[in-house]
Amino acid sequence: MTMPLISDYKAAVANAKVRFATLNVLPELDSRRHPVFMAGNFACVFKVREAGGVFLAVKCFTRDMPDLERRYRALARYIKTARSPYMVDIDYLPRELYTSSAVALSDDYPVLLMPWLQGSTIGGAVETLCQRDKRGALAA
């Protein structure tokens, strides 16, 4: 299945009030009034806020992956039962975000919902350690 582009998801999240099926969230906006997001290899993650002010991360998939729903439902179940302090709860919402697209069907697409964690990325942490010549920390 062809998935929407990042720009399609940005437009949908910018209109959050009418595009999410069950979530009542608003996007966090940058200085240009665009939704705050990060993009990776097969997904993009948006920073949104619930009515109570709690920040959440909404992960949208830009590439089809085999057994996407089965894999993320299993991962969510495992995380809930493992109760590890190193993992955050996730919820897989299969038909949550309505997205119109020039390359994919205009439809409701799945998202992964999790708490928004503020901090540096692993890439940022490695860069800082390199700049500070912290070879022992890098090796660890």
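Residues numbered from 1 in each chain as written. Predicted model: local features only at pLDDT ≥ 70, side-chain atom pairs only at ≥ 80, totals over all residues. Heavy atoms only, no water.

A. Local environment of the pairing of strand E4 (residues 55–61). Counting buried positions along E4 yields six of seven residues, so the element is predominantly enclosed. Relative to E4, strand E3 (residues 43–50) runs antiparallel, the two sharing seven bridges. Counterpart to Cys44 in the pairing with E4 is Cys60. Between the end of E3 and the start of E4, which pair antiparallel, lie four residues, with Gly53 showing a positive phi angle near 95°. (Buried < 20%, exposed > 50% of the residue type's maximum accessible area, 1.4 Å probe, protein only. Helix = DSSP H or I, 4+ residues; strand = E, 2+ residues; numbered from the N terminus. Pairing = 2+ DSSP bridges.)

B. How the structure looks around the environment of Val45. Here Val45 shows up in strand E3. The class for Val45 is partly exposed, based on a relative accessible area of 21%. The residues touching Val45, leaving out its near neighbours within four places in the chain, are Val36, Phe37, Met38, Ala57, Val58, Lys59 and Trp116. (Contact = heavy atoms within 4.5 Å.)

C. Representation of the nonpolar core in the model. Counting 33 residues, the largest nonpolar core has Tyr9, Phe20, Cys60, Phe61, Tyr72 and Leu97 as its most contacted members. Residue assignment for this core shows that the elements contributing at least two residues are helix H1 (6–14), E3, E4, helix H3 (68–82), strand E5 (91–99) and strand E6 (107–115). Those residues within four positions of Tyr9 in sequence are excluded, and the remaining contacts are Met3, Pro4, Cys44, Phe46, Cys60, Phe61, Thr62, Leu97, Thr99 and Tyr109. (Core = buried A, V, L, I, M, F, W, Y, C linked by side-chain atoms within 4.5 Å.)

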